Amino acid sequence: AEEVVDRYTSLADQFGARIEALMVWEFVATYGWAALPPLSPPHPELDERLDKLVTEVLGADRPEGMILRVVEGSAAGCIVAESKDAQLVVVGTED
């Protein structure tokens, strides 16, 4: 994963492109027997988790102007919507 991130941060730097790290989460209301109300933004724990993940991979080499965002919705739908003007999309998962 680090090699992939290094490659694409280098490309972004060469082309003057902005990097945006997007974490998508989906509230599944039908999980289990009890229905829980959806969480309402903001979700500071998810913001902190995304920041930690990016820091673990990039360390002090985080590109200037990099944007970190957490959005709610289906992963596929959010990625398509958020990347409509992107020049390149790199998709990964947190295991």
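Position labels on residues start from 1 in each chain and follow its written sequence. In keeping with the model being predicted, local features are shown solely for residues with a pLDDT of at least 70 and side-chain atom pairs are shown and tallied solely at 80 or more, while totals for entire chains, interfaces and linings include all residues. Values reported for side chains reflect all heavy atoms of the structure, with hydrogen atoms and water molecules removed beforehand.

### Some words on the overall build of the protein
Here's step 1: Where helices and strands are cited, they refer to DSSP runs of H or I of at least four residues and of E of at least two residues respectively, numbered from the N terminus. Per the secondary structure count, the protein includes 3 helices and 2 strands.
Here's step 2: When the helices and strands of the protein are placed in sequence order, the string is α-β-α-β-α.
Here's step 3: By the burial criterion, 16% of the 95 residues in the protein qualify as buried.
Here's step 4: For this analysis, residues touch if any pair of their heavy atoms sits within 4.5 Å. In the protein, 63% of the contacts between residues at least 6 apart in sequence involve partners at least 24 apart. The buried label goes to any residue with under 20% of its type's maximum accessible area, the exposed label to any with over 50%, and the partly exposed label to all in between, with areas taken from a 1.4 Å probe on protein chains only.

### A word on the nonpolar core
Here's step 1: In terms of nonpolar packing, the biggest core is built from 10 residues, these being Ala 12, Ile 19, Ala 21, Met 23, Trp 25, Leu 46, Leu 50, Val 54, Leu 58 and Met 66.
Here's step 2: Only strand E1 (20-25) and helix H2 (44-58) provide two or more residues apiece to this core. Note on terminology: a nonpolar core comprises buried Ala, Val, Leu, Ile, Met, Phe, Trp, Tyr and Cys residues joined through side-chain atoms within 4.5 Å.

### Description of the environment of Tyr 8
Here's step 1: Here Tyr 8 lies in helix H1 (residues 2-15).
Here's step 2: What makes Tyr 8 partly exposed here is its relative accessible area of 27%.

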